[in-house]
Structure formats: structure tokens, C-alpha cells
Amino acid sequence: MRMSLDMVRARFEADNAALLPRVQSFLAHVMRAPASHACFMNELSLMEHMGSHKIMATQHGPGMDQPTLKHLAEEARHAFFFKRHAEGVARRPLDYVQADLLSPAAGRLYFQKLDIAVEQALADEPPRSKVLYLHMSLIIEFRAVWFYHLYETALRQAGSKISLKSLLAEEQGHLADMATRLAAVGAWDPARLQALCQAETALFGILLGRLERAVAPQAEAQAA
């Protein structure tokens, strides 16, 4: 199973190669303007919060096991991590409102469409099943590990004191854990997972485009 996970991850990296320079450029751009960077981190906080809320909404009840509780707690902590640093950069409290975010509608749409894609691919599963939760989480962890590695590199290049190392370690742990748990319930299917990752990559490309468009006017206003 480990070899299969590595193969899916390698294909994910290959499928995202074309997005790499765009993400690097976006991160360099957004970090040049503190207000934009604060809004971006607050947006990441919102997306981590939406992820933790999704876990709580679908996995509550007598079947809530320790690994799922741990995952929920860590996703909530990641939301706090980004919120705390966003407010540190902004030097003021930030809310999950349009004025304090880059493109909240784009983030919500990304999650909604990914949710639909996973549910369609697993149409035989109950809406709140563990298998649906594990697939959705695993696909998002692929994205989180890929993106946060790039963000950590950008932070180091900018001389920032913010570090994503501990957060990245947890996301990498989630990735391996979700794959192991899927295998344990007999739902590990690398071909299906690869197809879902490709669908997610297309959705991430749309999200990235909207973030790029959102940050451009903010940066221009601050430079004026």
C-alpha cells in the first residue's frame, strides 16, 4: 500500500507541475504586501476551519473514533495557527468577512465542488460514511502538503519568522494515516484516488486563478 501511495503522490506532483510557477509567483506577490498577506493567511485559516467543521458535521456520533478526533483537533489548531499569524501581520483582529479575506466565495466553491466530485465517485456510500470522509480528507491532504511546502519555502526566502514545519509534519501524518485507514476498511483504490486527485487539481487551478485576481488590486492599492 505504501508503494501505491507513493505512486499516487508522484502522479499528483506531475499533474501539478504546470501550476508550480504560478503558485510561486502568487506567494511572492502576496507576501510583498502585509495587508494582502494577512488576508491570505486568514483565508487559509477559514479553509482549515471549514475542513474541521466538515469533519464534525459528518463524523459525529457513536462511531467517532480517536484518529478522527485527533484529525479534527489538528485541523482546528491549523485554523487557529493561521488566524493568529494573520492578525499578527495585520496588527488587528480579523474576521471571516470579505474585507479580511482574499476570495472567500472561491474557497467555499472549491470545497463544495470537491465534495460533489467525491460523493459522485462513491455514490454507493452513505452520505456521512467513513469512506467518504477518508477520501475527501486524503485528497485535501495531498493538496495541503504540496502547497504548504511551497509556502514554507517562500516564507524562508522572504526571511519571515513564521514557520510551517510543525504544521507540515501533521499534514504529512494525516496523509499517511488516511491512506492506512482506507486500506483497513477495504476501500483503497489507487486508480479511483488518482482520478479524484486530478479532479481536485482542476478545481485548485480555478481557486488559484481567483486568488491571483483578488490579490492584484490589493497590491496595486498598497503600492500607490
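Remember, predicted model here, so these are calculated numbers, not experimental data. (Residues numbered from 1 in each chain as written. Predicted model: local features only at pLDDT ≥ 70, side-chain atom pairs only at ≥ 80, totals over all residues. Heavy atoms only, no water.)

Enquirer: Tell me what's going on with the nonpolar core, and back it up with residues and numbers.
Expert: Of all hydrophobic cores here, the largest spans 67 residues; its most connected members are Phe147 and Tyr151. Those elements that place two or more of their residues in this core are α1 (2-15), α2 (20-31), α3 (34-59), α4 (66-90), α5 (104-121), α6 (130-157), α7 (165-184) and α8 (190-223). Ranked by the residues each element gives to this core, the list is headed by α6, at 16 residues. Look past the residues within four positions of Phe147 in its chain and what remains in contact with it is Val23, Leu27, Phe40, Leu44 and Phe204. (Core = buried A, V, L, I, M, F, W, Y, C linked by side-chain atoms within 4.5 Å. Buried < 20%, exposed > 50% of the residue type's maximum accessible area, 1.4 Å probe, protein only. Helix = DSSP H or I, 4+ residues; strand = E, 2+ residues; numbered from the N terminus. Contact = heavy atoms within 4.5 Å.)

Enquirer: Lay out the side chain of Ser137 in plain terms, naming residues and giving numbers.
Expert: Within the secondary structure, Ser137 sits in helix α6. The exposure class of Ser137 is buried, given its relative accessible area of 8%. Here the side chain of Ser137 touches Tyr133 through a polar contact of 2.9 Å, landing on its backbone oxygen. The residues touching Ser137, leaving out its near neighbours within four places in the chain, are His71 and Met178. (Polar contact = N/O pair within 3.5 Å; in protein donor to acceptor, adjacent residues only side chain to side chain.)

Enquirer: Break down unusual backbone geometry for me, with residues and values.
Expert: Despite not being glycine, Arg91 shows a phi value in the positive range, around 60°. Here Arg91 is to be found in the loop between α4 and α5. Given a relative accessible area of 75%, Arg91 falls into the exposed group.

Enquirer: Describe the packing of aromatic side chains, listing the residues and the values that go with them.
Expert: Enumeration according to the criterion identifies 11 aromatic pairs in this entry. An aromatic cluster of at least three residues, connected via ring pairs, comprises Phe26, Phe40, Phe81, Phe82, Trp146, Phe147, Tyr148, Tyr151 and Phe204. The ring of Tyr96 carries Lys83 above its face, with NZ or CZ at 3.9 Å from the centroid. The residue whose ring lies beneath Arg143 is Trp146, and the NZ or CZ to ring-centre distance is 4.9 Å. (Phe/Tyr/Trp six-rings, centres within 6.5 Å; stacked < 30°, edge-to-face > 60°. Lys NZ or Arg CZ within 6 Å of the ring centre and 35° of its normal.)

Enquirer: A description of the packing of α6 against α7 should follow, citing residues and the corresponding values.
Expert: For the pair α6 and α7, the least separation of the axes is 9 Å and the interaxial angle reads 150°. Between α6 and α7, the crossing angle belongs to the class labelled roughly antiparallel. For the crossing formed where α6 meets α7, the hand is left-handed. Split into classes, the residues belonging to the contact of α6 with α7 amount to 14 nonpolar, five polar and six charged. (Axes fitted to C-alpha atoms, helices over the stretch in contact; angles between N-to-C directions. Parallel < 35°, antiparallel > 145°, perpendicular 65-115°, else oblique. Left-handed = near helix turned anticlockwise from the far one by under 90°. Nonpolar A, V, L, I, M, F, W, Y, C, P; charged D, E, K, R; others polar.)

Enquirer: Tell me what's going on with the pattern of salt bridges, and back it up with residues and numbers.
Expert: All chains considered together, the criterion is met by 11 salt bridges. Here Arg143 ties to Glu200 by a salt bridge, and the two come within 2.8 Å at their closest N and O atoms. Within this pair, whereas Arg143 is found in helix α6, its partner Glu200 is found in helix α8, the two being separated by 57 residues in sequence. For the residue pair Arg143 and Glu200, the accessibility class agrees, reading buried in each case. When the shortest N-O distance is used, the salt bridge between Glu152 and Arg156 registers 2.8 Å. A residue pair is termed a helical-turn pair when its members lie 3 or 4 positions apart in one helix, as Glu152 and Arg156 do in helix α6 at four residues. (Salt bridge = Lys/Arg side-chain N within 4 Å of Asp/Glu carboxyl O.)

Enquirer: Account for α7, naming residues and giving values.
Expert: Taking 1.5 Å per residue, 20 residues should reach 28 Å; α7 reaches 29 Å between its end C-alpha atoms and fits that length. Along α7, the residues that are buried comprise Leu167, Leu168, Glu171, His174, Leu175, Met178, Ala179, Arg181 and Leu182. The buried side chains of α7 occupy one side of the element, clustering within an arc of 165° when seen end-on. Opposite its buried face, α7 presents the exposed residues Lys165, Ser166 and Ala184, each directed more than 90 degrees away. (Expected span 1.5 Å × (residues − 1). Arc of directions from axis to C-beta.)

Interpretation in functional terms is not warranted from these geometric data alone.
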